[in-house]
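# Topology and contacts: notes
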Amino acid sequence: MDIENTMRFILDMEAKHEVWLQKHEETMKQHDETFARINAALETNTARIGQLVDVSLSLAHATEETHASIKELREAQSATDYKLNALIDTVDKLARNGHKRE
């Protein structure tokens, strides 16, 4: 009888071990799927971050160009103001020196 109980115990333990092993395999499969989703999300986020960096660099370059254009425009406007004031002074002097309209 002792052998029968021992064999029953061994078979019971093997069955419990098989159940535990099956649960473990299912858990590992779920972990693998979770890791795959996480890796895919990381790859997507890494690509998006790369795109953001590219756009940021592009915007920075465009901003620098805009600032340079504005500086050039200010310089041109300053030169135009100077020339316009010189013209106004010349016309004013001519008008005061007897070239007045009658």
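Residues numbered from 1 in each chain as written. Predicted model: local features only at pLDDT ≥ 70, side-chain atom pairs only at ≥ 80, totals over all residues. Heavy atoms only, no water.

Moving on to the overall build of the protein chain. Per the secondary structure count, the protein chain includes one helix and zero strands. Radius of gyration (C-alpha) of the protein chain: 43 Å, far over the 13 Å computed for a compact globule of 102 residues. Judged by the C-alpha coordinates and their principal axes, the protein chain covers about 145 × 20 × 15 Å. Counting every atom, the protein chain has about 9900 Å² of accessible surface; 60% of that belongs to carbon and sulfur. (Helix = DSSP H or I, 4+ residues; strand = E, 2+ residues; numbered from the N terminus. Rg over C-alpha atoms; globule rule 2.2 N^0.38 Å. Areas by Shrake-Rupley, 256 points an atom, 1.4 Å probe, with all protein chains shown as cover.)

So, about the pattern of salt bridges. Tallied over the full model, the rule gives two salt bridges. A salt bridge links Asp 12 to Lys 16; the nearest nitrogen and oxygen atoms lie 3.6 Å apart. On the criterion of helical spacing, the pair formed by Asp 12 and Lys 16 is a turn pair, its members being four residues apart in helix α1 (residues 2-96). Residue Asp 12 is classed as partly exposed on the basis of its relative accessible area, which comes to 38%. The residue Arg 96 makes a salt bridge to Asp 92 at a minimum N-O spacing of 1.8 Å. Here the residue Arg 96 and the residue Asp 92 both occupy positions in helix α1, the gap between them amounting to four residues, near one helical turn. (Salt bridge = Lys/Arg side-chain N within 4 Å of Asp/Glu carboxyl O. Buried < 20%, exposed > 50% of the residue type's maximum accessible area, 1.4 Å probe, protein only.)

The next thing to look at is a nonpolar patch on the surface. Together, Leu 84, Leu 87, Ile 88 and Val 91 line one region of the surface with nonpolar side chains, adding up to about 360 Å² of accessible area. By the secondary structure assignment, Leu 84 is in helix α1. According to the relative accessible area criterion, Leu 84 is partly exposed, its value standing at 43%. (Patch = residues over 30% accessible without salt bridge, like charges linked within 9 Å, V, L, I, M, F, W, Y side chains within 5 Å.)

Okay, the environment of His 67 next. Tracing the sequence through the fold places His 67 in helix α1. Within the structure, the side chain of His 67 is placed 2.7 Å from the backbone oxygen of Thr 63, a separation counted as a polar contact. (Polar contact = N/O pair within 3.5 Å; in protein donor to acceptor, adjacent residues only side chain to side chain.)

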